[in-house]
Amino acid sequence: MRVVVSASGVDLDASASPVFGRCPVFVFVDVETMMFEAVENPALAAPGGAGIQAAQFVTERGAKAVITGNVGPNAFGVFDAAGVPVYQFPGGTVREAVEAHRGGQLVEAGGASARAHAGMRRSSAGPPTTPKVSGDKRKEEIAELTNLAGDLRKQLAEVMERLDRLEKGD
């Protein structure tokens, strides 16, 4: 069976991406042989509708299941209509995601895990405003932002490594 994992890099040891519609790469994997194909996400830079475009792309390329960190309601609707199950993966590598799927350790998502347009880039009209939060909510937001910053650092490191390899002709 061919599954797709939203990823931050181009191989089985790349980090699985916490987002679907705006992940940098989709890694399609045959779960029996572990043969894979990495394809850049054509919807990554879309001004809008990235989730729908990405969902249509991976279903057209033959994905029979999707493994991702989060998926929005529009993309989930495409998968639901196509009969393609979505599994949430809390983090790790593409290989770990596929192995967890093969081992029956992932639970099928019953719906979207992110709000609509969660991956939309901010406009350049000015800096985003941050609502005032206090107490436990503040600690939760700090932890969430710290995790997000860590994920972004990993993604940036992978991009820089990839650029170095390409520039060196490896």
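Here, the structure is the one placed above.
Residues numbered from 1 in each chain as written. Predicted model: local features only at pLDDT ≥ 70, side-chain atom pairs only at ≥ 80, totals over all residues. Heavy atoms only, no water.

Enquirer: I'd like a description of the overall build of the protein chain, backed by residues and values.
Expert: Within the protein chain, the secondary structure is distributed over four helices and five strands. Reading the helices (α) and strands (β) of the protein chain from amino to carboxyl end gives β-β-β-α-β-α-β-α-α. Expressed as a percentage of its 170 residues, the buried residues of the protein chain come to 34%. Taking contacts inside the protein chain between residues at least 6 apart in sequence as the whole, the part at least 24 apart equals 53%. Of the roughly 10200 Å² that the protein chain leaves accessible, carbon and sulfur atoms contribute 53%. (Helix = DSSP H or I, 4+ residues; strand = E, 2+ residues; numbered from the N terminus. Buried < 20%, exposed > 50% of the residue type's maximum accessible area, 1.4 Å probe, protein only. Contact = heavy atoms within 4.5 Å. Areas by Shrake-Rupley, 256 points an atom, 1.4 Å probe, with all protein chains shown as cover.)

Enquirer: Outline the packing of aromatic side chains, listing residues and values.
Expert: Note on aromatic pairs: each is described by the distance of the centres and the angle between the planes. Overall, the coordinates contain three aromatic pairs when judged by the stated rule. For the ring pair Phe 20 and Phe 26, a centre distance of 5.2 Å and an interplane angle of 45° mean the geometry is tilted. Judged on exposure class, the residue Phe 20 and its partner Phe 26 are both buried. Here Phe 20 and Phe 79 contribute two aromatic rings whose centre-to-centre distance is 5.3 Å and whose plane-to-plane angle is 75°, an arrangement assigned as edge-to-face. In this pair, Phe 20 is assigned in the loop between strand 1 (2–7) and strand 2 (25–30) and Phe 79 in helix 2 (residues 73–82), connecting sequence segments 59 residues apart. We note that Phe 20, like Phe 79, is buried. (Phe/Tyr/Trp six-rings, centres within 6.5 Å; stacked < 30°, edge-to-face > 60°.)

Enquirer: So what's going on with the nonpolar core? Which residues, and what values?
Expert: Membership of the largest hydrophobic core comes to 23 residues, with the highest contact counts inside it found for Phe 20, Phe 26, Phe 28, Val 58, Val 66 and Phe 79. For this core, the secondary structure elements donating two or more residues are strand 2, helix 1 (50–60) and helix 2. Excluding residues within four positions of it along the chain, Val 66 makes contact with Val 4, Phe 20, Val 58, Phe 79, Val 84, Pro 85, Val 86 and Tyr 87. Judged by nonpolar contacts, the second largest core, of 20 residues, contains Val 3, Val 5, Ala 7 and Ala 14. (Core = buried A, V, L, I, M, F, W, Y, C linked by side-chain atoms within 4.5 Å.)

Enquirer: Could you give an account of helix 3 (residues 94–102), with specific residues and numbers?
Expert: Residue pairs three or four apart in sequence face the same way in an α-helix, which turns once every 3.6 residues. All of the buried residues along helix 3 are Val 94, Ala 97, Val 98, Ala 100 and His 101. Down the axis of helix 3, the smallest arc covering the buried residues is 160°, so these residues share one side. Its buried side turned inward, helix 3 meets strand 1, strand 2, strand 4 (65–68) and strand 5 (86–88). Phi for Gly 104, located one or two positions after helix 3, is positive at around 70°. (Arc of directions from axis to C-beta.)

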